[in-house]
Amino acid sequence: MSRATRTAPRAKSSGKTSRKKTFQKNALAIALFGSHHSHLALIETALNVVIHARGNEVTITGDAEAVARSLSVLNALYERLERGQDIEEAEVDAMLRFSAEPERKMPSTEGGVSTLNRVVTARTTKQADYLRAIDESELVFSEGPAGTGKTYLAVAKAVERLVRGDVERIILSRPAVEAGEQLGFLPGDMREKVDPYLRPLYDALHDMMPDQQVQKRLESGEIEVAPLAFMRGRTLANAFVILDEAQNTTAVQMKMFLTRLGENSRMVITGDLSQVDLPRGTRSGLRDAREALSDVQGVRFLQFDEEDVVRHHLVGRIVKAYNSLENKRGAGAEYQRDNNGQGKSEA
């Protein structure tokens, strides 16, 4: 039996109901239910239902809508197991998010991004929109807080296209703001100089491909990881190009980078305008591009928020708490300005 403590407020009751579901394969049912029925407990807590498991059968009791959602989640997770994919807490959380929007397909039926190490699937509806936008558009901008999968999913798409032969190389770039892009003043050879700024991109690559494959493709030039300053004067054709941390580009740098786009290439720009590290008074190239390109055909913009954070559950709460604090400070500054007739908003 699995029973979780429920803290979420109960929705207006539509009448209690119970439904049973039997899963054919015992081994998959065990994986579906989770260690000590931990996956079932997550569903119970999220949807305010009671789930009894016996063997490979579950009985779900609760409001009719919640019971139906629970079954939808379990069926989608079981399909994932049937395809040979693993299930962890993150996958359960993803299916619960998708089940809240019944008009949308569950991730199990939308397909995933195939890399050499794993199949990466969307965990929120906005992530699904993001992956679709990358397939459909040559230039995609994604904005939002850390932990929403902006860079990770873009790297997954890049690896998928490289492995399939759709592109000849992957180019990953970031602005080295902390060093002012004056990399010559740092100790070590060029790779040692730039690695600290590009480490998150390397981490994503190693998640998608075996270590030896990453090293081999870096050495052959099929994968290039370089600071933004190295992009000037180049034409990036037959490539999947990612610019990460784009909020730390200047308007001039962003224009330079965007005009590198060549034939048969895809470009994804990621950033978070709440985390700008540029000198005071310097306009972010990401903000500039959003204003300049918002109506340009073939360019897509996607905005993530704290509800799309898919890291540790506390990350989403932390992002939400900081946003709330910043909104309060902004409101306070606006109030003071309105009453004093002067001053600037802190927002």
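About the cut-offs
- Per chain, the residues get numbers from 1 upward, laid out in the order the sequence is written.
- Side-chain atom pairs in this predicted model are given and counted only at pLDDT of 80 or more, local residue features only at pLDDT of at least 70, and totals for whole chains, interfaces and linings cover all residues.
- By convention in this description, side-chain values take in all heavy atoms of the structure and omit both hydrogens and water.
- Numbering of helices and strands starts at the N terminus; helices are DSSP runs of H or I of at least 4 residues and strands are runs of E of at least 2.
- The contact definition used throughout considers only heavy atoms, calling two residues in contact when any of these lie within 4.5 Å.
- Per-residue accessibility takes into account occlusion by the displayed protein chains alone, with areas from the Shrake-Rupley method and a 1.4 Å probe.
- Here pLDDT means the predictor's own confidence in every residue, given as a number from 0 to 100.
- Pairing between strands is defined by DSSP: at least two bridges between the two strands are required.
- Helix axes use the C-alpha atoms of the stretch in contact, all axes being lines fitted to C-alpha atoms, and the angles between their N-to-C directions lie in the range 0 to 180 degrees.
- Buried, partly exposed and exposed residues are distinguished by accessible area as a fraction of the type maximum, computed with a 1.4 Å probe on protein chains only: under 20%, between the cut-offs, and over 50%, respectively.
- Patch membership requires over 30% relative accessible area and the absence of a salt bridge. Like charges are linked within 9 Å, and nonpolar side chains (Val, Leu, Ile, Met, Phe, Trp, Tyr) within 5 Å.
- Here, a salt bridge means any Lys or Arg side-chain nitrogen found within 4 Å of an Asp or Glu carboxyl oxygen.

A short note on the overall build of the protein
- Looking only at helices and strands, one finds 12 helices and 11 strands in the protein.
- Considering only contacts within the protein whose residues lie at least 6 apart along the sequence, 70% involve residues at least 24 apart.
- Carbon and sulfur atoms form 47% of the exposed surface of the protein, whose accessible area is close to 18,300 Å².

A short note on the confidence of the model for the protein
- For the protein, mean pLDDT is 83; residues scoring 70 or higher make up 80% of the total.
- Of all secondary-structure elements in the protein, the lowest mean pLDDT belongs to helix H5 (residues 107-110), at 52, while strand S6 (residues 139-143) reaches the highest, 97.
- This stretch, residues 1-13, has a pLDDT under 50; its non-local contacts, to residues over four places away or in other chains, come to 26 contacts.
- The low-confidence segment residues 334-347 (pLDDT under 50) makes 12 contacts with residues lying over four places distant or belonging to another chain.

A look at the sheet that holds strand S3 (residues 57-63)
- Read from one edge to the other, the open sheet built from 3 strands follows the order S1-S3-S2, with strand pairing classed as antiparallel. Taken across any chain shown, the strands that pair with only one partner, and hence form the sheet edges, are strand S1 (16-22) and strand S2 (50-54). Taking the axes of each pair of neighbouring strands and ignoring which way they run, one obtains an average angle of 15 degrees across the sheet.
- Pairing of S2 with S3, which is carried by 5 bridges, proceeds in the antiparallel orientation. Counterpart to His52 in the pairing with S3 is Thr59.
- Sheet contacts for helix H3 (residues 64-82): S1 and S3; angle to S3, the most-contacted strand, approximately 150 degrees.

Thoughts on the sheet that holds S6
- The strand order S8-S7-S9-S10-S6-S11 describes an open sheet built from 6 strands, whose pairing is parallel. If you trace the sheet from one side to the other, it starts and ends with strand S8 (223-227) and strand S11 (299-303), each paired once. Across the sheet, the axes of successive neighbouring strands diverge by a mean angle of 15 degrees, strand direction being ignored.
- Along the sheet, helix H7 (residues 150-164) contacts S6, strand S7 (169-174), S8, strand S9 (239-243) and strand S10 (266-271); its crossing angle with S9, the most-contacted strand, is approximately 170 degrees.

Some thoughts on the pairing of S3
- Most of S3 is tucked away, with 5 of its 7 residues classed as buried.
- Where S1 lies against S3, 7 bridges are found, and the strand directions are antiparallel. Bridging across to S3, Arg19 finds its partner in Ile60.
- A loop of 2 residues connects S2 with S3, the two strands running antiparallel in sequence, and Gly55 in this loop sits at a positive phi of about 65 degrees.

Examining a nonpolar patch on the surface
- Together, Ile318, Tyr322 and Leu325 make up a nonpolar patch on the protein surface, roughly 300 Å² of accessible area in all.
- Inspection of the secondary structure puts Tyr322 in helix H12 (residues 313-340).
- Relative accessible area serves as the criterion here: at 53%, Tyr322 is assigned to the exposed category.

A closer look at the environment of Thr59
- Tracing the chain through its elements places Thr59 in strand S3.
- If we ignore the near neighbours within four places in the chain, the residues touching Thr59 are Ser18, Arg19, Lys20, Val50, Ile51 and His52.

Topic: the pattern of salt bridges
- Within the structure shown, the criterion is met by 21 salt bridges.
- For Arg132, the salt bridge identified is with Asp129, shortest N-O distance 3.0 Å. Of this pair, Arg132 and Asp129 both sit in helix H6 (residues 125-136), 3 residues apart, which is roughly one turn of the helix.
- Since its relative accessible area comes to 32%, Arg132 is described here as partly exposed.

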